[in-house]
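Analysis of the macromolecular model
Here's the letter readout for the chains.
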Amino acid sequence: EDQVTQSPEALRLQEGESSSLNCSYTVSGLRGLFWYRQDPGKGPEFLFTLYSAGEEKEKERLKATLTKKESFLHITAPKPEDSATYLCAVQRGDYGQNFVFGPGTRLSVLP
Amino acid sequence: EAQVTQNPRYLITVTGKKLTVTCSQNMNHEYMSWYRQDPGLGLRQIYYSMNVEVTDKGDVPEGYKVSRKEKRNFPLILESPSPNQTSLYFCASSAGDTTTEAFFGQGTRLTVV
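Along the backbone of chain A there are zero helices and eleven strands. Each helix and strand of chain A, ordered N terminal to C terminal, gives the series β-β-β-β-β-β-β-β-β-β-β. A compact globule built from 111 residues should have a C-alpha radius of gyration of about 13 Å, and chain A, at 14 Å, falls within 12% of that. Classification of the 111 residues of chain A by burial places 47% in the buried group. In chain A, of all internal contacts separated by at least 6 residues, the share reaching a separation of at least 24 is 55%.

This is how it looks when you write it as C-alpha cells:
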C-alpha cells in the first residue's frame, strides 16, 4: 500500500535554531516528491518538487533533499514567520495528478 | 490574479440534503483535483480531472461525484451527505503533467449534522 509518513508530528524551535523535518514514503512508480507549506485556515502553498535521488533544492531558509526512501526539509536559522504545517506529497502512477499526502509536521518558531 | 476559488467557504447541512461545492480556476490549467483534509489523516484525494470530460477516482471517492464540463470549473457534488463527510475540502489545479505545481483554493469547511 502506498504510504507517506512525516516526523515529527510537531516541532517547536527557538528563532535561529536549525532543524530538519522528515518525509518517508513507500510508493510504487514515484514520479515526484513535493513539499507544501500550509498556514492555518488556508490552502497548501507549493515549495519544492524533487524528482530523483540526490536532488536538492533551496529557497530562502529552506532546503529540500531526496533519497530513494525519504526526503528531508532542512530549516536553517528559522524565523517566527516560518511557523506553519509542512506537508509532503508523492506523485505516483503513469500520469500526473495522482497524489498521496503525508499528515504534515506542525512547526512553531518562537521569538 | 491567478487563483483557485471555492464556494462556499463554510457550509452546515443536514444528512441527505444534496449539495454542490464549486471550484473555479483562472489559469487555464488542464488538471484539477479535490481533496479532503482530516486531523491526523492529512490530505486525501477524492477525484481528479486531466481535462474536460476526463475524470478519475482518487483514494476516497465514495459518496462524491464530480463533473468537468468546462476547463475552468470542477464542482464537487455530494448527492446524499452523511456526517462522516464532515471535513475541510480543498480544490487544486495545475498546468500539466510535467509542471505539476498545484495551486490550492482557500478551502470549504463542511459540517453534516
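On a plain count of helices and strands, chain B comes out with zero helices and eleven strands. Sequence-ordered secondary structure for chain B, helices as α and strands as β, is β-β-β-β-β-β-β-β-β-β-β. In terms of overall dimensions, chain B is globule-like: its C-alpha atoms have a radius of gyration of 13 Å, near the 13 Å expected for 113 residues. A principal-axis box enclosing the C-alpha atoms of chain B has dimensions of 40 × 30 × 25 Å. Scored against the burial criterion, the 113 residues of chain B give a buried share of 50%. In the structure as shown, chain B presents an accessible area of about 5300 Å², 50% of it carried by carbon and sulfur atoms.

A complete count under the given rule lists eight salt bridges over all chains for this structure. For the salt bridge of Arg37 of chain A with Asp39 of chain A, the shortest nitrogen-to-oxygen distance reads 3.0 Å. Ionic pairing is found between Asp38 of chain B and Arg44 of chain B, a salt bridge with its closest N-O pair at 2.8 Å. Given the relative accessible area of 24%, Arg44 of chain B is considered partly exposed.

Residue and element names in this part refer to chain B. Mapped onto the secondary structure, Ala95 falls in the loop between strand E9 (87-94) and strand E10 (103-104). Expressed as a C-alpha distance, the spacing of Ala95 and Asn28, which sit 67 residues apart in the sequence, is 7.4 Å. Excluding its chain neighbours within four sequence positions, the residues that come into contact with Ala95 are His29, Glu30 and Tyr31.

All right, on to the environment of Phe99 of chain A then. Summarising the element assignment, Phe99 of chain A is placed in strand E10 (residues 99-101). In contact with Phe99 of chain A, not counting residues within four places along its chain, are Phe34, Val90 and Gln91 of chain A together with Tyr35, Gln45, Asp59 and Thr100 of chain B.

A surface patch of nonpolar side chains, about 310 Å² in accessible area, is lined by Ile12, Val14 and Val113 of chain B. Note that Ile12 of chain B resides in strand E2 (residues 10-13).

Counting residues in each nonpolar core, the largest one holds 24 residues, and the members touching the most others are Leu33, Trp35, Leu73 and Tyr86 of chain A. Contributing elements (two or more residues each) for this core: strand E2 (10-14), strand E3 (19-26), strand E4 (30-38), strand E5 (45-50), strand E7 (62-66), strand E8 (70-75), strand E9 (84-92) and strand E11 (105-110) of chain A. Counting residues in hydrophobic clusters, the runner-up holds 19 residues, among them Leu19, Met32, Ile46 and Phe74 of chain B.

Attention shifts here to the state of the cysteines. For the structure shown, the criterion picks out two disulfides over all chains. Between the sulfur atoms of Cys23 of chain A and its disulfide partner Cys88 of chain A the distance amounts to 1.9 Å. The sign of the S-S torsion, about -55°, decides the handedness of the disulfide formed by Cys23 of chain A and Cys88 of chain A: left-handed. Taken as a pair, Cys23 of chain A in strand E3 and Cys88 of chain A in strand E9 lie far apart in primary sequence, 65 residues in all. Each member of the pair, Cys23 of chain A together with Cys88 of chain A, is buried. Between the sulfur atoms of Cys23 of chain B and its disulfide mate Cys91 of chain B the distance is 1.8 Å.

Before going further, it helps to examine the interface of chain B and chain A. Between chain B and chain A, the residue contacts involve 23 residues of the former and 22 residues of the latter. Summing both partners gives a buried area of about 1800 Å² for chain B against chain A, and 46% of it is carried by carbon and sulfur. Put simply, chain B and chain A have three residue pairs in polar contact (both at pLDDT 80 or more) between them. The element contributing the most residues to the side of chain B that touches chain A is strand E5 (residues 42-51) of chain B, with five residues. Split by residue class, the side of chain B that touches chain A holds eight nonpolar, ten polar and five charged.

Calculation notes
Residues numbered from 1 in each chain as written. Chains lettered and ligands numbered in written order. Predicted model: local features only at pLDDT ≥ 70, side-chain atom pairs only at ≥ 80, totals over all residues. Heavy atoms only, no water. Helix = DSSP H or I, 4+ residues; strand = E, 2+ residues; numbered from the N terminus. Rg over C-alpha atoms; globule rule 2.2 N^0.38 Å. Buried < 20%, exposed > 50% of the residue type's maximum accessible area, 1.4 Å probe, protein only. Contact = heavy atoms within 4.5 Å. Areas by Shrake-Rupley, 256 points an atom, 1.4 Å probe, with all protein chains shown as cover. Salt bridge = Lys/Arg side-chain N within 4 Å of Asp/Glu carboxyl O. Patch = residues over 30% accessible without salt bridge, like charges linked within 9 Å, V, L, I, M, F, W, Y side chains within 5 Å. Core = buried A, V, L, I, M, F, W, Y, C linked by side-chain atoms within 4.5 Å. Disulfide = S-S within 2.5 Å. Buried area = accessible area lost by both parts, 1.4 Å probe. Polar contact = N/O pair within 3.5 Å; in protein donor to acceptor, adjacent residues only side chain to side chain. Nonpolar A, V, L, I, M, F, W, Y, C, P; charged D, E, K, R; others polar.

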